[in-house]
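# Reading the structure
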Amino acid sequence: MSRLLRSERRLRLPDGSEAGIVEVRDARARRLKLMVSERGPRLTVPRGVGEIEIRQFLEQHRGWLAQQLRALAVPSALPGQDNEAAPTSDPARPDHLLLRGAQLPIQRVESRRLAALPSASHIELHLPPRYTPLQLQRVMADFLLAEARRDLGHWLPQYLPTLPAAPRSIRLRPLSSLWGSLNAAGAVSLDLALVQAPPRVFEYVLVHELCHLLQRNHSPAYWAEVRARMPDHLQQRAWLKQHGLGLKARLRQLLAIEA
């Protein structure tokens, strides 16, 4: 028998608009939790929590929810970037690519094969006379994957000696709502969208998941392990909380992923 009961409620945002929130009552939940993904807002309610407490919780998070919905709807420029350099809305002909917190222009080059090659100041997109949008999306995905793996290869050696064992594997792919996870077998999954963020943010998520090899929870002992490896982790968490949905939206747009 399912432990989840779903319903929908409306919340008026600071600008006067309304947001529809999927409310999920979960007997296993321990606290109220509000999340926003490509599917929209979701509120998890534990057993025994009453309407007054729910309304107070939502009132406290109205501003945050409005901010997250704006980031999800419009992939705007990141802090310190020129809005005019934002990616084109046509994923089949991108003009810029967000990589490691910087907008890099894409320079098209006539070529016999389709490929995306990195450069210090731009990305060379080699285009043959004929190609399909799907082929281009795959090339861009492969490019981001290679760059993300390059970053992981740079960071991992400094953390592995402090762990009881290396992760069984590390998989990079677009994730709907999570930024990373560690399964029971010790395999790590990370959101490919992280390669678009400032490197320290990406590194924080890696450290977050690696520390679950030591503590498979979010106890004070767990956060002590994270803090020992990354003293500024709260700053990176705050950045991701504020701008993360924009990263997911950009990647979804670039790779034409359905929400």
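Throughout, residues of each chain are indexed from 1 in the direction in which the sequence is written. At least 70 in pLDDT is required for a residue's local features to be given in this predicted model, at least 80 for side-chain atom pairs to be given and counted, and no such filter applies to totals for whole chains, interfaces and linings, which use all residues. Where side-chain values are given, they derive from all heavy atoms of the structure, hydrogens and water being excluded.

## Brief notes about the packing of aromatic side chains
Any aromatic ring pair is given by two values, namely how distant the centres are and how the planes are angled relative to each other. Put simply, the test is: In this analysis, rings of Phe, Tyr and Trp, with Trp reduced to its six-membered ring, are considered paired at centre separations within 6.5 Å, and the interplanar angle assigns stacked below 30 degrees, edge-to-face beyond 60, and tilted for intermediate values. Working definition: helices are DSSP H or I runs of at least four residues, strands are E runs of at least two. Numbering for both runs from the N terminus. Exposure is judged per residue with a 1.4 Å probe applied to protein chains only, and the accessible area is read against the type maximum: over 50% gives exposed, under 20% gives buried, and values in between give partly exposed. Sitting over a ring, as applied to charges here, requires NZ of Lys or CZ of Arg to be within 6 Å of the ring centre and within 35 degrees of the ring normal.
Considering all chains together, one arrives at 2 aromatic pairs under this definition. Between W155 and F202, the ring centres sit 5.1 Å apart and the planes meet at 90°, which makes this aromatic pair edge-to-face. Pair noted here: W155 is in helix α3 (residues 133–159) and F202 is in helix α4 (residues 199–211), with a separation of 47 residues, a long-range link. Each member of the pair W155 and F202 is classed as buried. Aromatic side chains Y222 and W223 sit 4.9 Å apart centroid to centroid with 75° between the ring planes, which places their arrangement in the edge-to-face category. No difference in accessibility class separates Y222 from W223, as the two residues are buried. A cation over an aromatic ring shows up here: K248 above the ring of W179, its NZ or CZ 4.1 Å from the ring centre.

## Observations concerning the pattern of salt bridges
Pairs can form between side chains of opposite charge once their charged atoms are near each other. The condition that has to hold: Throughout this description, the term salt bridge denotes a Lys or Arg side-chain nitrogen within 4 Å of a carboxyl oxygen of Asp or Glu.
Using the criterion set out here, one finds 17 salt bridges in the structure. R100 is the salt-bridge partner of E147, the closest N and O atoms lying 2.9 Å from each other. Residue E147 is found in helix α3, and its partner R100 is found in the loop between β5 (96–99) and β6 (102–110); the two are separated by 47 residues along the sequence. The exposure class of R100 is partly exposed, given its relative accessible area of 26%. By sharing partners, the salt bridges in this structure join R9, E23, R25, E51 and R55 into a single network.

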